[in-house]
Amino acid sequence: MWNELLYAFEAVATLPNFIAMAAGIWGGVIIGAIPGMTGTMAVTLALPFTFYLPPVTSILLLVALYKGSTYGGSISAILIKTPGTASAACTVLDGYPLAQQGKGGKALNMALVSSCIGDFISNISLFFLAMPLAMFALRVGPPEYFMLMAFSLTIVASISGRSLVLGIISACIGLLLATVGEDIYGSFRFAVTEDMKSGLGVVPVLIGLFALPELIKMIVFRPEDNNAAMKLGDNRLTMAEFRGSVKSILRGSVIGVILGAIPGIGPSTAAFFSYSEARRTSKNGDKFGEGELEGVAASESANNGCCGATMIPLLALGVPGDVITGVMLGAFMIHGLTPGPLLFQNNIGEVYSLFIGILFSSVFLFVAGKLTAGAFAKISRIPQTLLLPCILVLCVFGIYSIGASPFDVSVLLVMGIVGFVMMILNIPAAPFLIAFILGPMFEDNMRRSLAISRGDLGVFFHSWISWAFFALTVLFIALTIRREWQKWREKSSNTAQSA
Amino acid sequence: MTPNRDFYTGLIATAFFAFVLFVLIPIYVKVPSFIPGFAPPPDMWPRVITVVGLVMGILAILFAIPKMRAAANDGVMTIGATMHRNRKLIVRFAGVLIGFAAFAYAMPEIGFVPATILLLAYLFLMTGNYSRKIWMIGLTIVFPILLYLVFTEVTHTPFPEGHLFSALAADFVTLI
């Protein structure tokens, strides 16, 4: 094995491979940072170029684009409250408040460091855990997915802010909007217009909900400081700040690796899961959502932790976990490589070259992230009155380019108004976001499980994985009820004392 | 009692979920006559969500009552009076709504780029801050054209040209 690894190292350490990785990471970071342009778009656009490249170089280019775009989403999420990609939506929750406090540079640095660590751990896992994790992924069926999603949805309780009731209302609106369009059996729900039959896209909804309310707020309220530029402040991340987030970074990376290895979960879910865990276990859990570096670290380490791990089922079993790995599967095929168990027998040289190359990509990510974040940080110096209308136009172009659909643009604008109304009514937007992303997976797996078992609810308790997630769900619901009860008692005793 | 923001939020949420449950679901969620095996029908999940939402809306109203009693004692302004006092803000919000609606309508009519230029100009005007007029005018024209070029060259996105300009161009070609 070690000899083969050395040969692979020699094969990877060539100028064309390094150029491909550097270009991929850089291109990915820039594309990811533009609202509306996704990693899938980046990888798909690059696919035709890979026809003329050697197999390893072309796969490295695509993987680099994927990693770069996953990190790039956090730049716009932190600086302009606009998640570049859906997986960066969770980063907005703490990243933007940090930027508002003049700690945008710190948030960007934390996002970069945690993304690189998550990415590196994910790449290492690809080396050593590809086969066992792929086998684990095979044991996860609809009932296990359902329990996992149920557990993930309990995060709503912890990010509801001052009122759990308003948080659940927000989550219900998100779940309801996620049902628009065709369901798993082909019937249409809430298809008021022809366009609504294909459902509401995640990207227009997310960007509309987070980016546009800021613009509308500025126009309606015209605050005094709207002509002022945001202050980036001290950019350096201190050792103490890093040490305070190490646990969250490592936990997020492991969550990213495990969830990334399971087909269909993806970096958005991993980011929410990790954020929720960090909030539950952190000493500063109460400050999450108000600008906590640990929150940025948790979500960013998890979403980048997914990147390498999504390659595990693809390489070991030939099963693409998401759209991006689906495109990569096509790239493998084009170059005469068939992912699956036989790949490790027939093309072990290429596999090791890929592993080594992917490891290098973490270093490229750090360098590209440092340089690009510095350039993008200049955006925050532009006055809000000039910046926010331009962001809207950028979002409109980005959203339109995804599917060449005017309907998506209308969804973006309507969601902006909905987001503003929610802001006015004190309804938190974060639970909406989580419910909208996780809702379809939750419902599909519930209905699939019940269809498989012909309505027998026992299907949800057939495996230890389901039991484990069920126990965690019950535990966290019980803890939330206890917390709310204590809060209510404290409030009533305070009122009685003041009376 | 003086209704407060939480009360109105609860009221709006209750009305919204009730409307979805009793009006939209029966009309817009079709239940097919045949569902493979034993499978929950398509309306099951939306119904569960709306019932939970409805209950939460009612709870929000109930939880707002003690605060409303306290607010009445403190002489807090009603939301109606607040709205009357802030009618300028409401007019500006209506302005945003009209701007967005006009853009969505104009996009296929006059073309994507002209509609975006108009939208950007309108938004700059709505900000109420004209200290950087030159920048505003420059960005209004240059920024959408630049984005148009980037997106058409890089992603090959076919942006709508607009019925109006297409028709004019066709007439012009016919004349020639």
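In this text the structure is predicted, and so the values were computed from the model without any measurement.

Q: Any chance you could explain the interface of chain B and chain A here in plain terms?
A: Quite often, the size of an interface is put as the accessible area lost when its parts meet. With 71 residues of chain B in contact, the opposing surface of chain A contributes 65 residues. Of the roughly 5800 Å² buried between chain B and chain A on both sides combined, carbon and sulfur atoms contribute 81%. Inspection of the chain B/chain A interface yields zero salt bridges. Of all elements in the fold, only α1 (5-28), α2 (44-74), α4 (87-110), α5 (112-127) and α6 (133-154) of chain B reach the threshold of two or more residues within the side of chain B that touches chain A. At 13 residues, the largest contribution of residues to the side of chain B that touches chain A is made by α2(B). Here the side of chain B that touches chain A is built from residues that sort into 53 nonpolar, 12 polar and six charged.

Q: Looking at this structure, how should I read the packing of aromatic side chains?
A: Any aromatic ring pair is given by two values, namely how distant the centres are and how the planes are angled relative to each other. Per the counting criterion, the structure on display carries 27 aromatic pairs over all chains. Between A:Phe461 and A:Trp467, the aromatic rings sit 5.0 Å apart at their centres with planes inclined by 50°, giving tilted as the arrangement. On the basis of relative accessible area, A:Phe461 is assigned to the partly exposed category, the value being 29%. For A:Trp467, a relative accessible area of 46% puts it in the partly exposed group. One aromatic cluster is present, built from ring pairs that chain together A:Phe397, A:Tyr400, B:Phe103, B:Phe112, B:Tyr148, B:Phe151 and B:Phe159. Directly above the aromatic system of A:Phe188 lies the positively charged group of A:Lys197, at a separation of 5.0 Å from the ring centroid. Over the ring of A:Phe476 we find A:Arg280, and its NZ or CZ is 3.8 Å from the ring centre.

Q: Just checking my understanding: could you explain the confidence of the model for chain A for this structure?
A: Detail in the predicted coordinates should be disregarded across regions flagged by low pLDDT. Confidence in the prediction for chain A averages 84 pLDDT; 97% of positions are at 70 or higher. Across chain A, helix α20 (residues 406-424) of chain A holds the top mean pLDDT of 93, while helix α8 (residues 155-158) of chain A sits lowest at 75.

Q: Help me understand the packing of helix α9 (residues 164-178) of chain A against α1(B) in this model?
A: The geometry of a pair of packed helices is captured by two quantities: the angle between their axes and the separation between those axes. Contact geometry for α9(A) and α1(B): axes closest at 11 Å, N-to-C directions at 30°. Taken as axis vectors, α9(A) and α1(B) run roughly parallel relative to one another. Here the hand of the crossing between α9(A) and α1(B) comes out left-handed. In contact with A:Leu166, A:Ile169, A:Cys172, A:Ile173 and A:Leu176 of α9(A), α1(B) contributes B:Asp6, B:Thr9, B:Ala13, B:Phe16, B:Phe17 and B:Val20. Of the residues that constitute the contact of α9(A) with α1(B), the class distribution is nine nonpolar, one polar and one charged.

Q: Please explain the UniProt feature "transmembrane region" (unreviewed entry) in chain B as it appears in this structure.
A: Residue and element names in this part refer to chain B. Those residues carrying the UniProt feature "transmembrane region" (unreviewed entry) are residues 7-28, 48-68, 89-105, 111-127 and 134-151 in this numbering. End C-alpha to end C-alpha, residues 7-28 measures 29 Å, and it is 100% helix and 0% strand. The span residues 111-127 shows a helical share of 94% and a strand share of 0%, and its end C-alpha atoms are spaced 25 Å apart.

Q: Any chance you could explain the side chain of A:Glu214 here in plain terms?
A: All names here are of chain A. Looking at the element boundaries, Glu214 is found in helix α11 (residues 212-221). Overall, the relative accessible area of 10% leaves Glu214 in the buried class. In this structure Glu214 touches Lys81, Tyr96, Leu388 and Met423, once residues within four positions along its chain are discounted.

Rules of the game
- Residues numbered from 1 in each chain as written.
- Chains lettered and ligands numbered in written order.
- Predicted model: local features only at pLDDT ≥ 70, side-chain atom pairs only at ≥ 80, totals over all residues.
- Heavy atoms only, no water.
- Contact = heavy atoms within 4.5 Å.
- Buried area = accessible area lost by both parts, 1.4 Å probe.
- Salt bridge = Lys/Arg side-chain N within 4 Å of Asp/Glu carboxyl O.
- Helix = DSSP H or I, 4+ residues; strand = E, 2+ residues; numbered from the N terminus.
- Nonpolar A, V, L, I, M, F, W, Y, C, P; charged D, E, K, R; others polar.
- Phe/Tyr/Trp six-rings, centres within 6.5 Å; stacked < 30°, edge-to-face > 60°.
- Buried < 20%, exposed > 50% of the residue type's maximum accessible area, 1.4 Å probe, protein only.
- Lys NZ or Arg CZ within 6 Å of the ring centre and 35° of its normal.
- pLDDT = per-residue confidence, 0-100.
- Axes fitted to C-alpha atoms, helices over the stretch in contact; angles between N-to-C directions.
- Parallel < 35°, antiparallel > 145°, perpendicular 65-115°, else oblique.
- Left-handed = near helix turned anticlockwise from the far one by under 90°.
- UniProt positions renumbered as here; feature names shortened; annotations may be inferred.

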